[in-house]
Amino acid sequence: MFDKLKSGLASLKAGLARTHNAIMGGVDAAFTGASREGILEKLEESLILADVGVGASGEIVDKLRGVFGGKDPERLKQLLRDSVYEILKDVERPLEAGPSPFVIMAIGINGVGKTTTIGKLAGRYSGEGKAVLMAAADTFRAAAIEQLELWGERVGCPVIRQTQGGDPGAVAFDAVRAAVSRKTDVLILDTAGRLHTKVNLMEELKKVKKVVGRELTGAPHEILLVLDASTGQNALNQARLFNEAVGVTGIALTKLDGTAKGGIIIAVANELKIPIRFVGIGEGVGDLKDFNARDFTDALI
Amino acid sequence: MLESLSDKFRKVLKDIRGQGAISESNIQDALKEVRLALLEADVNFGVVKDFCAAVKVKALGKEVMESLSPGVQFTKIVHDELATLLGGADAALELKGRPAVIMLVGLQGSGKTTTTAKIALELKKRGRNPYIVPADMFRLAATLQLKKLASEIKVDCFDEEGNSLGADIKDPAGICAEALRVAAIIGYDTLIVDTAGRHHVDAELMGELKNLKEILKPSEILFVADAMTGQDAVNTAKGFDAAVGITGVILTKFDGDARGGAALSMRLSTGKPIKFVGTGEKSDALEVFHPARVAGRILDMGDVLTLVEKAQGVFDEKEAKELQKKLKKDSFTLEDFKEQITKIKKLGSMESILSMMPGFDALKKAKDIQVDEKELVRVEAIINSMTKKERTDPSCLNASRRSRIAKGSGTKVQDINKLVNQYQDMRKMMKVFKTSGAKGLKGMMQGRPR
Ligand SMILES: Nc1nc2c(ncn2[C@@H]2O[C@H](COP(=O)(O)OP(=O)(O)OP(=O)(O)O)[C@@H](O)[C@H]2O)c(=O)[nH]1
Ligand SMILES: [Mg+2]
């Protein structure tokens, strides 16, 4: 158990090391004879390059500008770390599966990693000895149902499904009923990827949520927005609009195993204060970790 | 609120007029706005720097024209430079060899599989005989996904189980080799190969891609990237290019609200042309890349060109002149508004039209505007219930007049209030168009801007 945790941390750090290098590469270079203002500018540039965004980067650096008097690189690093941690610590709230059946609904734009994240989650919960059920409420994309079923086989979890082109609300309805009657601990709903700007598709999502709530009071207990770490400033719009439509209760940030920095999550945390639950660091079942603000920050800076 | 980049330029450049030429000092602030706009659009930091330097060179020493406002002039310089950099090379598909092979590569979830089907359909429409090859054996159900799409668009798809030669296929390389043989026998002239998503830093998987390239000898290796990609676009595009030598880029999910700055980042860092943009989930949602339009989008100046083209078909020259006169005199009434609505309805859905207008997305966000298609019908009914005087001079609409109109049109007083507000907003928007010159409403109504 401890070993697993450790190796998980190691791979998270390896992934973030690239981010770290990008930022610190910038910072270190900045210290060679630069003026204080030069250092701060370089710092801002590094944050922007990590997709933190012009606004949030500016704010973070302005804050440093206020408290940092000298040119001591170590102190600067620590302060930058603290500023980022300050924003992220409030959103470090791991997901705790409550009373059964605990219903999780994964949402997000196309291709961000919803189905994969669900598969990983199912693997994790059944590993903990919980009875898990998945539901293929993506009835739109070709072979989305089969993709989830294959994940079901991989992690040994049943999948509730209907046919492609069917009504996602009906799948959700069936799934909640099945979860209740089978005494399932965790029910995870996959939904079709949709752009947050498509009004009719967002309406459909609202409907699915409503159906779930009608069948089981308090459900869905977690509406998990999946964001792709390689996404730039648009992730903020995604978070805003999905949140307005169905109320996001948690975020999973995927694909942190590449070179993308995922810095936009800082802007999202800053503005929306939605808990960041998980980070995805690969395509395997084990490649989903709880978000840890200290690790994230330490690896980032 | 409704502050497009051209508004900002106008503001920061308003004092230039009469200063003779654009100089280092008088465009400093405008360049800052360019920088900010590009960064917010996700153009890579390094690319932004280069771009600003290039724009400066273009702008410096230019005479400040008396005919154009300096804001418009600068907008044009920035827009044109951006369009030039985005465009350039010929974006046609290179289909050499028999069969010609197109290979799609990219990160996980960028849209390769969907795009494979889109290209196949496009080529079929162009009279070719394409063959789809699913070489992503890694992602669960990826092959099945492509098979389903292929059968929807009625294009043949390689089937590793039912392949006619009965070969024992274990990996993507086996699929590709087999598909080539099948193609030779059946006579497909084009292969479109989908590959598994991967990170460019994954040496093993990039090695696999190189191997596939060896086998397939593709005349096109297209890098499929998400239009929402952030700063990392430069790294990934360069990484894939270095490993397999991409021949072009396809930007997906362009139907969203991402400004698409990654287009510029990838274009400039690889020098490879952007060939297509994906604009929807259906297999026919593939469009040729238009540099000028995307430039407008990156700068958040709206897709004015598209609107111009569409509008040409609906508004005739004489009416346009009429309307223009009214706008000039600021005597644009609700009557005219109604007429415009009737015409606009012919252009497409309200949402799609408005989203092409500069600053509309910002306006929509700020004012929480929901575009309701039924609203047009309501608006027409309301205006129909107004007297001539009310239509020409909406400022006379007091409470009792409003409640009478509501009754007459079967709507609520709030609807009337909303309409009057919208009308006022629209007049403001018209003014923006008017002052933004060639690319503004004037150009739109008269046809293609010069
Ligand atoms: N490297 C890496 N790849 C990931 C991660 N999460 C998902 N992926 C990959 O991203 C691709 C898309 O994942 P899906 O789970 O199908 O995404 P989705 O959001 O369900 O996609 P749609 O249903 O098509 O909208 C797949 O190739 C996954 O293997 C991650 O954390 N790291
Ligand atoms: Mg999915």
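Residues numbered from 1 in each chain as written. Chains lettered and ligands numbered in written order. Predicted model: local features only at pLDDT ≥ 70, side-chain atom pairs only at ≥ 80, totals over all residues.

Asks: Where do I start with the sheet that holds strand S1 (residues 102-107) of chain A in this structure?
Replies: Across a sheet, strands are paired by hydrogen bonds formed along the backbone, either parallel or antiparallel in direction. Residues and elements named next belong to chain A. Here eight strands make up an open sheet; going across it, the order is S3-S2-S4-S1-S5-S6-S7-S8 and the pairing mixed. Of all the strands in the sheet, just strand S3 (159-160) and strand S8 (288-290) have a single pairing partner and so form its edges. Seen against the sheet, helix H6 (residues 144-155) touches strand S2 (132-137), S3 and strand S4 (186-191) and runs at an angle of roughly 170° to S2. Of the strands in this sheet, S1 and strand S5 (222-228) touch helix H9 (residues 234-246), which is tilted by about 165° from S5. (Pairing = 2+ DSSP bridges. Helix = DSSP H or I, 4+ residues; strand = E, 2+ residues; numbered from the N terminus. Contact = placed C-beta atoms within 7 Å. Axes fitted to C-alpha atoms, helices over the stretch in contact; angles between N-to-C directions.)

Asks: Got a minute to help me understand the site of ligand 1 in this structure?
Replies: Close contacts around ligand 1 come from 25 residues, with Gly113, Thr116, Gly193 and Gly280 of chain A together with Gln108 of chain B the closest. The site occupied by ligand 1 is bordered by residues of chains A and B. It is helix H5 (residues 114-127) of chain A that contributes the most residues to the shell around ligand 1, three residues altogether. A per-class count over the shell around ligand 1 returns three nonpolar, 14 polar and eight charged. (Near = placed C-beta within 6 Å. Nonpolar A, V, L, I, M, F, W, Y, C, P; charged D, E, K, R; others polar.)

Asks: I tried to follow the sheet that holds strand S2 (residues 130-135) of chain B on my own but got confused; where do I start?
Replies: Residues and elements named next belong to chain B. With respect to topology, eight strands assemble into an open sheet ordered S3-S2-S4-S1-S5-S6-S7-S8, the strand pairing being mixed. Edge positions in the sheet fall to strand S3 (156-157) and strand S8 (286-288), since each of these pairs with one other strand and no more. Sheet topology places strand S5 (residues 220-226) next to strand S6 (residues 248-252); five bridges connect them, and they run parallel. Of the residues in S6, the one forming a bridge with Asp226 is Thr252.

Asks: Can you help me understand the confidence of the model for chain A in this one?
Replies: Where the model shows low pLDDT, its predicted coordinates should not be examined in detail. Scored by pLDDT, chain A has a mean of 88; 88% of the residues are at 70 or more. Low pLDDT (under 50) marks residues 1-31 of chain A, which in the prediction has 47 contacts with non-local residues, meaning those over four places away or in another chain. (pLDDT = per-residue confidence, 0-100.)

Asks: For this particular structure, what's the right way to read helix H11 (residues 291-298) of chain B?
Replies: At 3.6 residues per turn, the α-helix brings residues three or four places apart onto the same side. Residues and elements named next belong to chain B. Among the eight residues of H11, seven are classified as buried, and the element is accordingly described as predominantly covered. For H11, every residue scored as buried is listed here: Pro291, Arg293, Val294, Ala295, Gly296, Arg297 and Ile298. Downstream of H11 by one or two residues, Asp300 has phi in the positive range, about 55°. (Buried ≥ 20, exposed ≤ 12 C-beta atoms within 10 Å, placed from the backbone.)

Asks: Could you clarify how one ought to interpret the packing of helix H2 (residues 28-40) of chain B against helix H3 (residues 45-59) of chain B in this entry?
Replies: Axis angle and axis distance: for two packed helices, these are the angle between their axes and the distance between the axes, and together they describe the pair. Residue and element names in this part refer to chain B. Where H2 contacts H3, the two axes come as close as 10 Å, and the packing angle between them is 150°. Read as a crossing pair, H2 and H3 show a hand that is right-handed. Together, Leu31, Val34, Arg35, Leu38 and Leu39 of H2 and Phe45, Val48, Phe51, Cys52, Val55 and Lys56 of H3 make up the contact between the two elements. Taken together, the residues of the contact of H2 with H3 sort by class into nine nonpolar, no polar and two charged. (Left-handed = near helix turned anticlockwise from the far one by under 90°.)

Asks: I keep staring at unusual backbone geometry and nothing clicks. Help me out?
Replies: For residues that are not glycine, phi is negative in most cases, and the peptide bond is trans in most cases. Residues and elements named next belong to chain A. The linkage connecting Ser100 with the following residue, Pro101, adopts the cis geometry, with an omega of -10°. Summarising the element assignment, Pro101 is placed in the loop between helix H4 (73-89) and S1. Residue Asp51 is not a glycine yet carries a positive backbone phi of 70°. Structurally, Asp51 is set in the loop between helix H2 (36-49) and helix H3 (54-67). Even without a glycine there, the phi angle at Lys255 is positive, about 65°. Mapping Lys255 onto the fold places it in the loop between strand S6 (250-254) and helix H10 (264-272).

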